[in-house]
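What follows is each chain in one-letter form.
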Amino acid sequence: MSVHPMILSGRGVTAVLGPTNTGKTHYAIERMIAHDSGVIGLPLRLLAREVYTRVVEKVGHHNVALITGEEKITPHRARYSVCTVEAMPRETTASFVAIDEVQLAGDLERGHIFTDRLLYLRGRGETLLLGAATMRPILEQLLPGITVVERPRMSQLLYAGSKKITRLPHRSAIVAFSADEVYAIAELIRRQRGGAAVVLGALSPRTRNAQVALYQEGDVEFLVATDAIGMGLNLDVDHVAFAQDRKFDGYQFRNLNPAELAQIAGRAGRHLRDGTFGVTGRVDPFDNELVHRIESHEFDPLKVLQWRSKAFDYASLAALKRSLDAAPTIPGLARALPAVDQQAFEHLSRYPEVADLATTPDRVEKLWEACALPDYRRITPAQHADLISTIYADLVRRGAVNEDFMAEQVRRADYTDGEIDTLSARIAQIRTWTYVSNRPGWLADPTHWQEKTREIEDRLSDALHERLTKRFVDRRTSVLMKRLRENAMLEAEISVNGDVFVEGHHVGQLTGFRFTLATGGDGPDAKAVQGAAQKALALEFEARAARLHASGNGDLALSSDGLVRWLGDPVARLAASDHVMRPRVILLADEQLQANAREHVVARIERFVNHHIGTVLKPLDDISRAEDLEGLAKGLAFQLVENLGVLFRRDVAEEVKSLDQDGRASIRKYGVRFGAYHIFLPALLKPAPAELITLLWALKNDGLDKAGYGDLIPMLAAGRTSVVTDPSFERTFYKLAGFRFLGKRAVRIDILERLADLIRPLLQWKPGAQPRPEGAYDGRRFTATTSMLSILGATPDDMEEILKGLGYRADSVKAEDAAAFLASQGVAPAAPAEASTEAAADHDDADASGEGEPAETEAPASVEPATAEGEAAAPQATAEEGAEAAEAKPVLLWRPGTRQDNQRQGGRHQGDQRRGGPRQGQGQGQGEGREGGRKAGAPARGKRHDGKPEGGQRQDRHDRHDRGGKPNAAKFEARPPRKEKPIDPDSPFAKLAALKEQMKK
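This text gives an overview of the structure that appears in the document. The structure presented is a predicted model; accordingly, all values stated were derived computationally and were not measured.

**Quick word on the overall build of the protein chain**
- Counting secondary structure elements, the protein chain contains 34 helices and 34 strands.
- Split into buried and exposed, the 1001 residues of the protein chain put 52% on the buried side.
- Long-range contacts, defined here as pairs at least 24 residues apart, represent 72% of the contacts in the protein chain between residues at least 6 apart.
- Carbon and sulfur atoms form 51% of the exposed surface of the protein chain, whose accessible area is close to 44,900 Å².

Given below as structure tokens:
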């Protein structure tokens, strides 16, 4: 093969050198069309496409050819050719030749191709070499006589320091050097700033063009790219930010040198507009020396160019390998590292099947031609070599590539489903076959395959562009940015469900009278979006205010979180006021709800809240407004309202004692019940009133966030009569939900009153009278029965805790002693009763049934402890295997507490506390508010026999401050009964009692 000697003359060659934005490429185009023919070589297929379009605009498409490795547009008798440097002809008769970005002759991967073209290829009339000023010394050394023209940059390039990615200015390009990093940055910008276009070398030219157009046309304000943008792409970039400053150059990871950084940074600024460059928070700021060199374009000159022999010897595989390994003989040239084609050849030369085929110079040359297939798929050299081996075998044996094999490979790539990585892989696959179809002589029907592969690549590229745009671009921002640049009035509208649209794109949500901007609406267009939305919102607010003002109560609701909702949307929240039943209304509305409309809305919501409270809590509301109550009755009603419908009777014992029958009747007609343990409104012991009462208390006492808020209402709704207490809950919530907190268990208030109804006849029973009620003992004490356990839903252990909490005290006696006592009374011991499943009838206090109010008594003393077993049921015998009989458990005899209990407990208190056991009566003494009503010094009164314990307030108050030990177990002997005061036979109570006795007969 004849080889021209190396051209070492620079006559007729002009080097136009300088930094970016000097107009070099524009100058080359103008010079080329001034000649009758010309060829221009560019470093990227993307840039070749751009220049092709510009030349076509000047001379017509029929005069311009586009030639790249994957694409050929060759009109008949085209005068000008726009090529990638790899696709430039080795020889030409064209009058003009230009090679762009000649500094790439120093690139380790592609440099030898640029070196070959700038040394060998010449135009008949003019040759231009375009590139960086760093090429001047080496060009003058290699090409003596060359004319060098240095062009200054048309605008300044200034360093702007470090900025977070989310704070970069508009029209910024962010540069990274891996696809993963590019995608991660683009995703961040989409979330924070609305969207970004992406440009990577791995994308197909059509996809890259579409992404660049997305940025150039202003659909997005940010571009995330690899260093591909440094190769002459003409972009309207104002700022270049480096998110990385290291790259993999095909052989190793290394820092970019100043000249490479400047080549990329120089994309900032266009024509006479200045540009800036900087780094993101992921990269250390540039030092002052580096900044100065980039700003002043002062870089170390390129000292060597990459070179590979052009004198290929195809005599044999070994001869070709030796020629590829030849070293340059000219100073300034360095032998290039093996490129992709040479790596593939070295692999294939070791394949026996390839060696068997490559036996003649023509076949060796054909093998080298096949090795030029680019590795678009970025696979390993061995895998790439296998594909070349298959193609080469077909070329040698068949004279063309097997079209069945090619059809199968093309079919596998012909799918547009999948995500970005999948589509990118298919595009790389089809680009391989696009290259094959454009190689002369490789296919029997090249035109068919060129059209087919081009069509598939275009469809895949469009699909990839669509996926990239969908993933990294917020279309709302895209449209808005365009409209804002056009200074157009943005059109806004609001849907029936509150979605706010500007220019047809969802920008936020109107909920009630509050507008929330959609996610991603905090970018620079946010103010314009909000401004357009607010114009529509102003009218909508007025219309909504009018609709709310005219709406019925059914359209409004008060939720347990204190929010007032209108048709489901929150419009106000409640806050505490001076009166617990009259909470304050705070409107939830933006400032756009003007004064008059705002006042109408607030007034309507206040009317609803007052109506809702007055309806759900009608008994409480009625008694709070009662005007017919006087004196003690009025005071008791006031306390009942302040305590939201429940008073512990012992807290108001003196008031109740002093209340006459007329006063009781006046307050009872409002639904108030005087129970044994509570003064309460039974109508409020339901889920809806209890939930509202809990809310009102929580508003007054900052309780919405306290543990247990709202957790007890479902238990009330489920019909639970008692619940296991949770020590973490705010104890007041039990009372508000209608439960009495009694240690480990809380019991519904009305159920406790039914318990009193069961206890009352047991304490009123007289020994010797028949029949003896189950549980009666001696007329002063009783035992817990299964009926009591049933209505409470409690175990015997729970029963003991409950009774102690209510102020009853337990005397422990042996089971045989209890049986003997009952036998001495002429009464057979009753067998344990089955738990009753029938609800006991509700009873009011004694005077409600016409028996008169029994005398009030002092608070019971400290609870006398139970036995170690703590059982509250009748004695039961158990037997163990191998034992004759088990000892029967003692019987707990319950009685109302007395002052002596209190004194006895006081004498043991300190020692008991040291023992650490819980004291009796502890349950009701903790967290129940005003339970210790009577003062400690109140005089003692007689024992009561109506089922009510003797108050319990002294010890309860003491328990609030000292919740320590448990008194020792002790056995009480029955004391002689106190003498009853004689009853006036003329009193109405005596007459009622007599009538009752007659009815019993």
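**What about helix 21 (residues 631-642)?**
- Given a rise of 1.5 Å per residue, 12 residues ought to cover 16 Å, and the 17 Å separating the end C-alpha atoms of helix 21 matches this to within 8%.
- Those residues of helix 21 that fall on the buried side of the exposure criterion are Ala633, Leu636, Ala637, Gln639, Leu640 and Val641.
- Along its buried surface, helix 21 packs onto helix 20 (618-625), strand 27 (646-648), helix 22 (653-658), helix 23 (661-668), strand 28 (673-674) and strand 29 (678-680).
- Just beyond helix 21, the residue with positive phi is Leu644, at close to 55°.

**Some remarks on the pairing of strand 6 (residues 96-99)**
- Here strand 6 shows two buried faces, one formed by Phe96 and Ala98 and the other by Val97 and Ile99.
- Direction of pairing for strand 2 (residues 38-42) relative to strand 6: parallel, over a ladder of four bridges. In the sheet register, Gly41 faces strand 6, and the bridge partner there is Ile99.
- As paired elements, strand 6 and strand 7 (residues 126-131) share four bridges and run parallel to each other.

**A short note on the sheet that holds strand 29**
- Ordered in space as 27-29-28, the three strands form an open sheet in which the pairing is antiparallel. In the strand order of this sheet, the two ends are held by strand 27 and strand 28, each with one partner.
- Pairing geometry for strand 27 and strand 29, over three bridges, is antiparallel. Each bridged residue has a counterpart across the sheet, and for Val646 the counterpart in strand 29 is Phe680.

**Side note on the packing of helix 9 (residues 317-324) against helix 12 (residues 361-371)**
- The geometry of helix 9 relative to helix 12 is characterised by a closest axis approach of 10 Å and an angle of 50° between their N-to-C directions. In terms of axis orientation, helix 9 runs oblique to helix 12. When the axes of helix 9 and helix 12 are compared, the crossing they make is right-handed. Facing helix 9, whose interface residues are Leu317, Leu320 and Leu324, helix 12 presents Val364, Leu367 and Trp368.

**Description of the packing of helix 7 (residues 258-265) against helix 8 (residues 288-296)**
- Between helix 7 and helix 8, the least distance of the axes is 9 Å, while the angle of their chain directions is 55°. In terms of their interaxial angle, helix 7 and helix 8 are classed as oblique. In terms of crossing hand, the pair formed by helix 7 and helix 8 is right-handed. Counted together, Pro258, Leu261, Ala262 and Ala265 of helix 7 and Leu290, Arg293 and Ile294 of helix 8 form the full contact between these two elements.
- Here the residues of the contact of helix 7 with helix 8 sort into six nonpolar, no polar and one charged.

**A word on the nonpolar core**
- Within the largest apolar cluster, 73 residues are counted, with the highest numbers of intra-cluster contacts made by Phe513, Val564 and Ile605.
- With eight residues, helix 24 (residues 687-700) is the largest single contributor of residues to this core.
- Not counting residues within four places of it along the chain, the set of residues in contact with Ile605 comprises Leu548, Val564, Val571, Ala572, Val585 and Leu587.
- Within the second largest apolar cluster, 66 residues are counted, among which are Tyr314, Tyr351, Trp368 and Ile388.

**A word on the pattern of salt bridges**
- Under the counting rule described, the total for this entry stands at 47 salt bridges.
- Taken together, the shared-partner salt bridges in this structure form one network comprising Arg45, Arg49, Glu71, Arg454 and Glu457.

**What about the packing of aromatic side chains?**
- Using the criterion set out here, one finds 18 aromatic pairs in the structure.
- Ring centres of Phe513 and Trp566 lie 6.2 Å apart, and the angle between their planes is 10°; this geometry places the pair in the stacked category. One end of the pair, Phe513, is in the loop between strand 21 (505-511) and strand 22 (514-517); the other, Trp566, is in strand 24 (residues 563-566), and 53 residues separate them in sequence.
- On the accessibility criterion, Phe513 (0% relative accessible area) is buried.
- When the ring of Phe729 is compared with that of Tyr734, the centres are 6.4 Å apart and the planes differ by 35°; the resulting orientation is tilted.
- Each residue in the set Tyr159, Phe242, Phe277 and Phe286 is aromatic and connected to the rest through ring pairs, giving one cluster.
- The ring centre of Tyr215 lies 3.9 Å from the NZ or CZ of Arg171, which sits over that ring.
- Across the ring face of Phe648, the terminal group of Arg650 is positioned such that the distance to the ring centre comes to 5.8 Å.

**Describing the environment of Ala676**
- Structurally, Ala676 can be placed in the loop between strand 28 and strand 29.
- Judged by its relative accessible area of 8%, Ala676 falls in the buried class.
- For Ala676 and Phe648, which are 28 residues apart along the polypeptide, the C-alpha to C-alpha distance reads 9.4 Å.

Rules of the game
Residues numbered from 1 in each chain as written. Predicted model: local features only at pLDDT ≥ 70, side-chain atom pairs only at ≥ 80, totals over all residues. Heavy atoms only, no water. Helix = DSSP H or I, 4+ residues; strand = E, 2+ residues; numbered from the N terminus. Buried < 20%, exposed > 50% of the residue type's maximum accessible area, 1.4 Å probe, protein only. Contact = heavy atoms within 4.5 Å. Areas by Shrake-Rupley, 256 points an atom, 1.4 Å probe, with all protein chains shown as cover. Expected span 1.5 Å × (residues − 1). Pairing = 2+ DSSP bridges. Axes fitted to C-alpha atoms, helices over the stretch in contact; angles between N-to-C directions. Parallel < 35°, antiparallel > 145°, perpendicular 65-115°, else oblique. Left-handed = near helix turned anticlockwise from the far one by under 90°. Nonpolar A, V, L, I, M, F, W, Y, C, P; charged D, E, K, R; others polar. Core = buried A, V, L, I, M, F, W, Y, C linked by side-chain atoms within 4.5 Å. Salt bridge = Lys/Arg side-chain N within 4 Å of Asp/Glu carboxyl O. Phe/Tyr/Trp six-rings, centres within 6.5 Å; stacked < 30°, edge-to-face > 60°. Lys NZ or Arg CZ within 6 Å of the ring centre and 35° of its normal.

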